[in-house]
Amino acid sequence: MTQGADMLALVVASVTPLTPAIKAFVLRAANGGDLPPFAPGAHLSVSVRTAGASGQRAYSLVRPHDGSGSYEIAVLHEPQGAGGSAWMHGLAPGAVLAAHPPRNDFALHKGDKDDKSGQQPLLVAGGIGITPLLCMARALAAEGHAFDFFYATRSEQATAYLDEVRALGGTVVHDGGDPARGLDLRALLAAPRRGRHLHVCGPRGMVQAVVDTARAQGWPEDHVHFELFAGALAEVGDMPFEVRTLRSGKTLTVPPGQSLLDVLIAAGLDPMYDCRQGDCGVCAVDVVEGVPDHRDHNLSPREKAGGKTLCTCVSRAKTPCLVLDI
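Keep in mind it's a predicted model, so treat the numbers as computed, not measured.

Student: Which parts of the structure should I look at to understand the sheet that holds strand E18 (residues 321-324)?
Tutor: Across a sheet, paired strands are connected by hydrogen bonds in the backbone, their directions being either parallel or antiparallel. Taken in spatial order, the 5 strands of this open sheet run E13-E12-E18-E14-E16, and their pairing is mixed. With one partner strand each, in any of the chains shown, strand E13 (250-254) and strand E16 (309-311) form the two edges of the open sheet. Each adjacent strand pair in this sheet contributes to an overall mean axis angle of 40°, direction not counted. Alignment of strand E14 (residues 284-289) against E16, held across 3 bridges, turns out to be antiparallel. Looking at E16, one finds that Ala 284 is bridged to Cys 311.

The following block contains the structure:
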């Protein structure tokens, strides 16, 4: 496998089934050396094979960096996906793969360890979204830092790291696929306290519900932190916007709740894309006119400030119209 200058060559040290659909992978440096450190909430962007092509998939690191020379990730097999998770599930110990060094777009905000006013972080996970939050909880517990931890899944059989979460004092709720039987978000997020930070990761619908409830309950925007494994959350004030495609000569409308990428595909265009979550940058296109509303994790701050490139899978527009060079 060809390695870029900044890529890590990793060997699969072990593969452990956690549920019928989730496997844990312990990875070590292929050359036996040390691995770059990381903070809780970080992920690896792994090179995978999908339908004969290469792509990137982001997998959160499950255990805090401890100098042991290994990383742990967990992968949910998604039969309806593009094939990246199936490729990962086909790996056996000894397989070598490539990944970018850990990157953190979902940092842990701890508050003051010695504060007695209830500022301990609130961690809320849904399904495979447990991975970054378990890393956070383990790090907080190791430091003796108080926190509150909630985990929603469909069933006990579908729950990865169940014993670990309970050992950390987490509350686990099985909803059978019915959100009404799950976490009581209004009660959970009632009476936000100054200095207390909310961290949530999981399926888009669950994360959207948590974020919307937190906003309605008065949580400050900069105290609500989330990460998705696909797509971008709708934001308050999202409006429809127009897109003109310079080369194909189309004029399209992107409504709230639908991605620009999906609108381009529905219009019969053939845009390049891969991860659909703003990580890989494959879907980036040039912006000729208009101001993008960047919601990706790939473009650098300088590129975002320049406004000349847009990731179509997650980003929107700050102006009524965008003209794209596609």
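Anyway, onward from the coordinates.
Student: Help me understand the nonpolar core in this model?
Tutor: As a rule of thumb, soluble globular proteins bury nonpolar side chains together. Counting 24 residues, the largest nonpolar core has Leu 123, Ile 130, Leu 133, Phe 149 and Tyr 161 as its most contacted members. When contributions to this core are tallied by element, the ones reaching two or more residues are strand E2 (22-29), strand E7 (122-126), helix H2 (130-142), strand E8 (148-153) and helix H3 (162-167). Here the element with the most residues in this core is H2; it accounts for 6 residues. Filtering out sequence-adjacent residues up to four positions away, Tyr 161 remains in contact with Leu 18, Ala 24, Val 62, Glu 72, Ala 74, Ile 130, Leu 134 and Arg 138. In this structure, Val 12, Leu 35, Met 88 and Leu 91 belong to the second largest nonpolar core, which totals 22 residues.

Scoring rules and cut-offs
Residues numbered from 1 in each chain as written. Predicted model: local features only at pLDDT ≥ 70, side-chain atom pairs only at ≥ 80, totals over all residues. Heavy atoms only, no water. Pairing = 2+ DSSP bridges. Helix = DSSP H or I, 4+ residues; strand = E, 2+ residues; numbered from the N terminus. Axes fitted to C-alpha atoms, helices over the stretch in contact; angles between N-to-C directions. Core = buried A, V, L, I, M, F, W, Y, C linked by side-chain atoms within 4.5 Å. Buried < 20%, exposed > 50% of the residue type's maximum accessible area, 1.4 Å probe, protein only. Contact = heavy atoms within 4.5 Å.

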